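Here are the chains, one letter per residue:
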Amino acid sequence: MKLSRRDFLKLCGASAAMLGVGATVAPPALAPKNLAAPVAPRDVRATLIDTTKCIGCKACQSACKVANGLPTNDRPVALSATTLTIVDLRNISTKPNQPEIKPVKKQCMHCEDPACVSVCPVGALVKQADGRVTYDADVCIGCRYCMVACPFGVPKYDWASANPKVNKCGQSCLANGKRDKPACVSACPQQALTFGAREELLAMAHARIRENPGKYINHVYGEKEIGGTTMLYLGGTSFEALGFRVDLPEIALPKLTWEAQTKVPAAFFGMMGLLSGIAWWTHRTERKESNEKP
Ligand code: SF4
Ligand code: SF4
Ligand code: SF4
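In this text, all values refer to a predicted model and were calculated from it rather than measured experimentally.

Visitor: Sorry, what's going on with the pairing of strand 8 (residues 193-197) here?
Guide: Side chains on a regular strand alternate between the two faces of the sheet. In terms of burial, strand 8 is largely enclosed, as four of its five residues are buried. Strand direction decides the pairing type here: strand 1 (residues 45-50) and strand 8, joined by five bridges, are antiparallel. Note on strand 8: the bridge partner recorded for Thr47 is Phe195.

This is the structure in structure tokens:
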């Protein structure tokens, strides 16, 4: 097959058109509709979880199930579509055959810039102005993009359902002003959970660390991880031992993916241009040879 200059220009035009389509059908990470307008930091509500105070009673776990109308007759060991908060029992012992169990409440981290929201193509997950990352099962189409995107593995698929959706804590227990604090926070008998303005909770957490340097490690988990979360943790041992990811960047994942995505068209165009150029040059040589034949 021979490629004329006109064909080459057509090929470049087709490549540009493809790029145009690629730019029009924006990947989910570019969809801004799920993101609430930015608010002043003090308007963001958060929960401080002081793991050193937790006794593992699981009252928070049960209260969550009741508040969300989920089955209470199971014995969950992990988050699921019917268990939106779990008391994770971690063995933090460093000595063999001498287990030391530390209970740690876990649920959606209600990220400040949530990856799940950025990939949801239908707006079932929404970052609210007060910090909550809400979930609407009526809107969810069960595509599971959020499960892939969440760095904490929080959204879970309801495999048992005939019409499966994902589920996660959306702080629906606070919806429509039902409560002034989450059901799990109210249920805790140890005051291990504190609900309030994120900035004030961060100040409280750092004050506890300052005043009790032997009790806490000097790190508030969620203050900076992936751009910050509204679930903040204090710990008396490393967060890795408590089962948290410690390899996360401080920049929000949607920002990382956006930066990568902005480079894709250029890389793609460069590759298409390079391939087109190689094709044109190769076939130009063929054409020249052909024209030279008597
Ligand atoms: S905030 Fe509400 S929905 Fe979320 S874990 Fe607590 S009780 Fe459950
Ligand atoms: S923890 Fe996961 S599901 Fe929760 S807001 Fe962050 S990205 Fe979304
Ligand atoms: S209710 Fe409080 S003390 Fe009990 S498991 Fe939950 S966080 Fe821990």
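Visitor: Can you walk me through the site of ligand 3 in this structure?
Guide: As a structural note, the neighbourhood of ligand 3 is formed by Cys54, Ile55, Gly56, Cys57, Lys58, Ala59, Cys60, Val87, Cys188, Pro189, Gln190 and Leu193. Classifying every residue of the shell around ligand 3 by side-chain character gives nine nonpolar, two polar and one charged.

Visitor: Just checking my understanding: could you explain the layout of surface pockets for this structure?
Guide: By rolling a water-sized probe across the atoms, one finds the places where empty space is left. Of the volumes computed, that of the largest pocket is approximately 390 Å³. Forming the boundary of the largest pocket are 24 residues, of which Tyr135, Ala137, Asn167, Lys168 and Ser172 lie nearest the centre. Elements supplying a minimum of two residues to the lining of the largest pocket: strand 5 (133-135) and strand 7 (166-167). For the lining of the largest pocket, the residue count by class is seven nonpolar, eleven polar and six charged.

Visitor: Is there a simple way to think about unusual backbone geometry in this case?
Guide: Trans peptide bonds make up most of the peptide bonds, and negative phi angles are found at most residues other than glycine. One non-glycine residue, Asn97, lies in positive phi territory at about 65 degrees. Its place among the elements puts Asn97 in the loop between strand 2 (86-91) and strand 3 (101-106). The exposure class assigned to Asn97 is exposed, which follows from its relative accessible area of 78%.

Visitor: Is there a simple way to explain the packing of aromatic side chains in this structure?
Guide: Each aromatic ring pair is described using two quantities: the centre-to-centre distance and the angle formed by the ring planes. Within this structure, the stated rule accounts for five aromatic pairs. A ring pair is formed by Tyr157 and Trp159, whose centres lie 4.6 Å apart and whose planes are at 75 degrees; its orientation type is edge-to-face. With relative accessibility at 12%, the residue Tyr157 sits in the buried group. With a relative accessible area of 62%, Trp159 lands in the exposed category. Judged by centre distance (5.3 Å) and plane angle (40 degrees), the rings of Tyr221 and Phe239 are tilted. With Tyr221 in the loop between helix 6 (198-211) and strand 9 (231-234) and Phe239 in the loop between strand 9 and helix 7 (253-292), this pair connects stretches of sequence that are 18 residues apart. For the pair shown, Tyr221 and Phe239 are each scored as buried. Taken together, the ring pairs connect Tyr221, Tyr233, Phe239 and Phe244 into an aromatic cluster. A cation over a ring is seen here: Lys106 above Phe244, with NZ or CZ 4.7 Å from the ring centre. When the ring centre of Tyr157 is taken as origin, the NZ or CZ atom of Arg144, which lies over that ring, is 4.3 Å away.

Visitor: Whenever I open this one, the environment of Val139 confuses me. Can you help?
Guide: With respect to the helices and strands, the residue Val139 is situated in the loop between strand 5 and helix 4 (145-149). With near-sequence residues (within four places) excluded, Val139 lies in contact with Val122, Gly123 and Ala124.

Visitor: What am I meant to see in the site of ligand 1 here?
Guide: In the vicinity of ligand 1, the contacting residues are Cys64, Asn68, Thr85, Lys105, Cys169, Gln171, Cys173, Pro182, Ala183 and Cys184. Residues of the shell around ligand 1, tallied by class, amount to six nonpolar, three polar and one charged.

Visitor: I keep staring at the confidence of the model for the chain and nothing clicks. Help me out?
Guide: Where the model shows low pLDDT, its predicted coordinates should not be examined in detail. Per-residue pLDDT for the chain averages 81, and the proportion of residues at 70 or more is 73%. Predicted confidence is poor over residues 267-294, with pLDDT under 50, and the contacts of this stretch with residues over four places away or in other chains come to 20 contacts.

Conventions and cut-offs
Residues numbered from 1 in each chain as written. Chains lettered and ligands numbered in written order. Predicted model: local features only at pLDDT ≥ 70, side-chain atom pairs only at ≥ 80, totals over all residues. Heavy atoms only, no water. Buried < 20%, exposed > 50% of the residue type's maximum accessible area, 1.4 Å probe, protein only. Helix = DSSP H or I, 4+ residues; strand = E, 2+ residues; numbered from the N terminus. Pairing = 2+ DSSP bridges. Near = heavy atom within 4 Å. Nonpolar A, V, L, I, M, F, W, Y, C, P; charged D, E, K, R; others polar. 1 Å grid on protein atoms, 1.4 Å probe; cavity = no way out; pocket = protein on both sides within 12 Å on 5 of 7 lines; lining within 4 Å. Points joined across faces, edges and corners; volume = space filled by probe spheres on them. Phe/Tyr/Trp six-rings, centres within 6.5 Å; stacked < 30°, edge-to-face > 60°. Lys NZ or Arg CZ within 6 Å of the ring centre and 35° of its normal. Contact = heavy atoms within 4.5 Å. pLDDT = per-residue confidence, 0-100.

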